[in-house]
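What follows is the residue order along each chain.
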Amino acid sequence: MSISRAKPLESLYEECKEYDLVLVPDAPLASALNRRLDKPHFGPFAITPRRLAARRREKAEDRLAFLEIIETTDLDWKETAYAVGNILQCWEYQGTADAVLEYDSYVTEATQAAVACIERMDTTSGKLTDYTVDADQSVAVVGYEQLTALERSILPEEYDTIDPFTEDAFDYPPFRILDSPAAIVDVVLDAATEGNADDIGVVLDAASQYSPLIESALEAADIPYYGGPGFTDDPHHRAFLQLLRSAYAGRDTRVGDVKPLLTQLGMAVDIEHDEKRLFDLGRPEVDWLLEFSEEIGSHTFDSALEAYEGVTESSLDAFREELELLGIGDDPVSEDTVDRLEFYLQSYEVPVDRENDGVLLADAKSAAHVDRPLVFYLGLDEGWTHSSPRRPWVDRDQEFERNIRQFQLLLQNGVEQYYLVEDTSGGTPVTPCLYFEELLDEDFERFSDLDSVQYARAIREGQEGFEKESLEIPADEVSMVSQSSLSTYVNSPRDYFFSRLLDSPDKDYFQEGNLFHDFAEFYVSHPDVVTEDELDEIADVILEEVDPFLRGVDREVRLTKYRIGLRTIVEYLDANPPVGDDIVVANRGRSRNYFADYYDQPIDVGHTERWFENTDLGLKGKIDLVYSPTHLLDYKSGSKKSAYSVVKHSALDPPSDTPNFQALLYLAHQRTVQPDETLQFTFFHFLETLDDVVTGGGSLEDCLTTVTYHPLRFEEYIARPVIFTELQEDAANDCNKTFSQVEYDEYRAVFESHEFPDTRESDELVDSAFGTALTDRMVDAVGDYKYVKNGCKQALRYLLRIRNQNYFSDDVDAFEEFVQERLSELNTRRAGDERFPVDGPGGEPNYRYVGNRDCILEEGSR
């Protein structure tokens, strides 16, 4: 099967022009044929059956019927809408208004009442039912198969049919594949100007993202268009509905949930408050909104609308007229009435006045003809497929054929057609419209499997964009980087770039973490101030500070969490007080401490919150607790990670997909303070035992993860006699048995003859030259036994576990070099010599950890 070629409009007109009357399935085709009349014609020439019967521009019958029924009956709004939809649809397919009553499952009191009401109305369908074309006229029908049973009912006994298709196949143009919807819209903008706007048509799925994109792009470029935004797309209409809805949203409504409303009301609130509850924000910017919500029960819809108009200095006359039509202007505002209003506006298209010039935006599911020389088709994906009504009066096969004929006609509008599509979206292939499967012989799953051309996003010339001022100011160089910034940069340089430009909302876990840290710092300095009873008070204080972020039902759970976390911190610090008097010095990097202010006590120890700036290494950070000169500790409220996981996620070549360099970075700095020393870094996950403590268990050891830095190269470290002794005594059985039968010199000789491979995978190590040499030497020394070979595998894995759970001098050396490379790269990009790419050193970023996802395009636009 192939796409049938549609007849050109000129050819179609030549076949139709001698007839008195030409009936067509849609108004755009009628207009196109009428524009080609080359001689005077009395009465209508090309016209749709509905327009012919009504002798007027057609109005949306479903909305008019709904308004009539809710005014004249007591039927529920949703029940009315359901009945109206079934009645009008069945009427269209079966030809009579009461045809729905022939289907027992649809015969209800509401349906019967609605049928009676609709039959009394002056509707286009009613006129169509009673109308018959004058038999004295010569009549042609273009696209008979596209007409419904009701439309065909007006036909005289004799008429001619004209097929809109030829016998030939349509050689469709290639699909032009672009990287993103924005790139597709740019193609249209490149072609459209104010002067040629009337020559351009754009066909799209009106419910897709293309619709608001193309509308906003044309508006920004001052290019006229019509067929665009509807009644509910008006920003004030949307905001008024959200205002009514927010009044009943409850006390857990977040500022971010009503941000568009606040913007429309002119009540800007900083982004840092987005995650907080609106009702507990405590800021004057939202006082009007809170007062309105408190008084909502005293408002009618009209008074609420007046209040909105007053604060926004706007006029919503069209909305007021719609309230009058619905008969609810004087009704008290309630949650139920707001639900009904919202349901009505979602169910029916309220007519709006539009300019009828400019670029034509046509809905792919409504139009078949777009009489423009140049037509762009956007998307052509699954959204273009019609959903056939699942009703017993609808022949779904016949409906599918009607839709596929309409689709074929739609694809061929204009002198030039451009099919603009995406091949993937969010990493998933875009599925072409279902109708292509029926029409094309090729096997395909995506557009690139068909005749297609890949296009890069064009750079639009001649567009000034934002006003720019050239400043001869060199970019400041970044000389140091923190662990969080480094991790963000390695995951995605582009995300790092946006993180420096954009603010982000405060989070409950940020607040909690800061308060726990402040408490731990304060307790180290003043353990005598904090008694058992004080811990409960401090938990209440933390809850009070975090409360704006919490739902009411979460308060008790969080309070328990805070109490247990505080007691766990106290228990640890009591059992492990910091040591080393030499570090008790003034800390110039100390920030303000909440509990120092609360108790009016200074922080006078240098063990805590130790800020460092290591200009030689390009590193900076804040150490939560210097437990001793060789042991650092960091408080964590999140889930515990093993030492293996800590080392794994600080990998450099390639970096982990969840990079985290905290332990490695702090140890790199600390070894400059304590050179040639073994150092430790401990993560104290003070909430790790939360569930166990609630049930009466829990151990401090379960909260701790420690990684150790050894001031030796890894190979030097494992070649020492002490590690050989561990293989004899502490490893697995076959390993102990094997190595107990040889001397240290046998073990040492392998290191002298073979280099330990640069791998962290056990299978690679076992199969390496080093692994083979170790096994051969042990077999020679002990014997060719199965346990010897297995013991050597166990020994190799034991050595690899040491590598994967600790840091060594060569690891830290490599990290310092890695940091310098990143800083050089970063400063090159900051100077504007190259873009900040999306992909980091490890390739595609882990989008779970990208904080500015909305600012980052997919791979093709990088």
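For the structure, see preceding data.
Residues numbered from 1 in each chain as written. Predicted model: local features only at pLDDT ≥ 70, side-chain atom pairs only at ≥ 80, totals over all residues. Heavy atoms only, no water.

Draft legend 1. Inspection of the overall build of the protein at higher detail. Across its full length, the protein holds 35 helices and 21 strands. Its C-alpha radius of gyration of 37 Å places the protein more than 25% over the 29 Å reference for a compact globule of 862 residues. Per-residue burial over the protein gives 50% buried out of 862 residues. Considering only residue pairs separated by 6 or more positions, the protein has 72% of its internal contacts joining residues 24 or more positions apart. Roughly 42,600 Å² of accessible area belongs to the protein as shown, and the carbon and sulfur atoms make up 44% of that amount. Looking at the protein, you have 79 positive and 175 negative side-chain charges, and the mean spots of the two groups are 2 Å apart. (Helix = DSSP H or I, 4+ residues; strand = E, 2+ residues; numbered from the N terminus. Rg over C-alpha atoms; globule rule 2.2 N^0.38 Å. Buried < 20%, exposed > 50% of the residue type's maximum accessible area, 1.4 Å probe, protein only. Contact = heavy atoms within 4.5 Å. Areas by Shrake-Rupley, 256 points an atom, 1.4 Å probe, with all protein chains shown as cover. Lys, Arg positive; Asp, Glu negative; His and termini not counted. Charge placed at Lys NZ, Arg CZ, Asp CG, Glu CD.)

Draft legend 2. Expanded view of the pattern of salt bridges. Evaluated as defined, the whole model comprises 46 salt bridges. One salt bridge connects E15 with K7, and the closest N-O pair in it is separated by 2.8 Å. For E15, a relative accessible area of 34% translates into the label partly exposed. A relative accessible area of 17% places K7 in the buried class. For R563, the salt bridge identified is with D536, shortest N-O distance 3.7 Å. Of this pair, R563 sits in helix 23 (residues 555-575) while D536 is found in helix 22 (residues 532-546), placing the two residues 27 residues apart along the sequence. Its relative accessible area of 30% is what places R563 among the partly exposed residues. Given a relative accessible area of 27%, D536 falls into the partly exposed group. (Salt bridge = Lys/Arg side-chain N within 4 Å of Asp/Glu carboxyl O.)

Draft legend 3. Fine view of a negative patch on the surface. Judged by side-chain charge, D171, D441, E442, D443 and D451 come together as a negatively charged surface patch. Judged by its relative accessible area of 58%, D441 is exposed. (Patch = residues over 30% accessible without salt bridge, like charges linked within 9 Å, V, L, I, M, F, W, Y side chains within 5 Å.)

Draft legend 4. Looking closely at a nonpolar patch on the surface. Taken together, the side chains of F497, L501 and L502 make up a nonpolar region of the molecular surface, amounting to roughly 260 Å² of accessible area. Mapped onto the elements, F497 comes out in helix 20 (residues 493-501).

Draft legend 5. A look at the nonpolar core. With 44 residues, the main nonpolar core has F66, F240, L244, F319, L326, L341 and Y344 as its most contacted residues. Secondary-structure elements contributing two or more residues to this core are helix 4 (61-72), helix 5 (77-94), helix 11 (235-246), helix 12 (259-265), helix 13 (287-294), helix 14 (301-312), helix 15 (317-326) and helix 16 (335-347). Excluding its chain neighbours within four sequence positions, the residues that come into contact with Y344 are R63, F66, L67, W77, E322, L326 and V350. (Core = buried A, V, L, I, M, F, W, Y, C linked by side-chain atoms within 4.5 Å.)

Draft legend 6. Structural view of the sheet that holds strand 7 (residues 175-178). The strand order across the open sheet formed by seven strands is 9-10-8-11-12-7-15, and the pairing between neighbours is parallel. The open sheet has two edge strands with one neighbour each: strand 9 (225-226) and strand 15 (452-454). In the packing of helix 10 (residues 210-220) onto the sheet, the strands contacted are strand 8 (200-204), strand 9, strand 10 (359-363), strand 11 (374-378) and strand 12 (416-422), and the crossing angle to strand 10 comes to about 170 degrees. (Pairing = 2+ DSSP bridges. Axes fitted to C-alpha atoms, helices over the stretch in contact; angles between N-to-C directions.)

Draft legend 7. Examining the packing of helix 4 against helix 15 more closely. The contact between helix 4 and helix 15 brings their axes to 9 Å, and the two run at 55 degrees. One element, helix 4, and the other, helix 15, form an angle in the oblique class. Within the contact between the two elements, helix 4 uses R63, F66, L67 and I70 and helix 15 uses E322, L325 and L326. When its residues are assigned to classes, the contact of helix 4 with helix 15 shows five nonpolar, no polar and two charged. (Parallel < 35°, antiparallel > 145°, perpendicular 65-115°, else oblique. Nonpolar A, V, L, I, M, F, W, Y, C, P; charged D, E, K, R; others polar.)

Draft legend 8. Representation of the packing of aromatic side chains in the model. Across all of its chains, the model carries 56 aromatic pairs by this definition. Taking the centre distance of 5.8 Å and the plane angle of 45 degrees together, the rings of Y344 and Y348 count as tilted. For Y344, a relative accessible area of 0% corresponds to the buried category. Since its relative accessible area comes to 7%, Y348 is described here as buried. Centre to centre, the rings of F497 and F836 are 5.0 Å apart; their planes meet at 25 degrees, and the pair counts as stacked. Of the two residues, F497 is situated in helix 20 and F836 in the segment after helix 35 (809-830); the sequence distance between them amounts to 339 residues. (Phe/Tyr/Trp six-rings, centres within 6.5 Å; stacked < 30°, edge-to-face > 60°.)

Draft legend 9. Summary view of the state of the cysteines. All told, the structure shown has zero disulfides when counted by the stated rule. In this structure C735 is not part of a disulfide, and its nearest cysteine sulfur, from C792, lies 7.8 Å away. (Disulfide = S-S within 2.5 Å.)

Draft legend 10. Inspection of the side chain of N827 at higher detail. Topologically, N827 is positioned in helix 35. Residue classification places N827 among the buried residues on the basis of a relative accessible area of 14%. Those residues in contact with N827 that sit more than four places away from it in its chain are D476, E477 and V478.

Draft legend 11. Molecular detail of the sheet that holds strand 20 (residues 704-710). If you walk across this open sheet you meet the six strands as 16-17-18-19-20-21, and the pairing is mixed. Lying at the two open borders of the sheet, with one neighbouring strand each, are strand 16 (608-614) and strand 21 (806-808). Across this sheet, the average inter-strand angle for adjacent strands is 35 degrees, counted without regard to direction. Strand direction decides the pairing type here: strand 20 and strand 21, joined by three bridges, are parallel. From the neighbouring strand, Y709 faces strand 21, where its bridge partner is Y807. The strands touched by helix 35 are strand 17 (619-628), strand 20 and strand 21; relative to strand 21, the strand with the most contacts, the crossing angle is about 75 degrees.

Draft legend 12. Inspection of unusual backbone geometry at higher detail. Here the residue pair D653 and P654 is connected by a cis peptide bond, since its omega of 0 degrees sits within 30 degrees of zero. Mapping P654 onto the fold places it in the loop between helix 25 (643-648) and helix 26 (662-673). With phi around 60 degrees, D222 is a residue other than glycine that occupies positive phi space. Considering the arrangement of structural elements, one finds D222 in the loop between helix 10 and strand 9.

Draft legend 13. The arrangement of empty space enclosed by the protein in detail. This structure, assessed with the given rule, holds one cavity of 30 Å³ or more. For the largest cavity, the calculated volume is near 50 Å³. What lines the largest cavity is simply V481, L486, Y489, Y496, V819, R822, L823 and L826. Listed by contribution, the elements that provide at least two residues to the lining of the largest cavity are helix 19 (483-491) and helix 35. For the lining of the largest cavity, the element with the highest residue contribution is helix 35, accounting for four residues. (1 Å grid on protein atoms, 1.4 Å probe; cavity = no way out; pocket = protein on both sides within 12 Å on 5 of 7 lines; lining within 4 Å. Points joined across faces, edges and corners; volume = space filled by probe spheres on them.)

Draft legend 14. Structural view of helix 26. The terminal C-alpha atoms of helix 26 lie 17 Å apart, and with twelve residues this matches the ideal 16 Å at 1.5 Å per residue to within 8%. Of all twelve residues making up helix 26, ten are buried, and the element is well covered by its neighbours. Turning to helix 26, its buried residues are Q662, A663, L664, L665, Y666, L667, A668, H669, Q670 and R671. (Expected span 1.5 Å × (residues − 1).)

Keep in mind that these numbers describe shape and distance, not what the molecule does.
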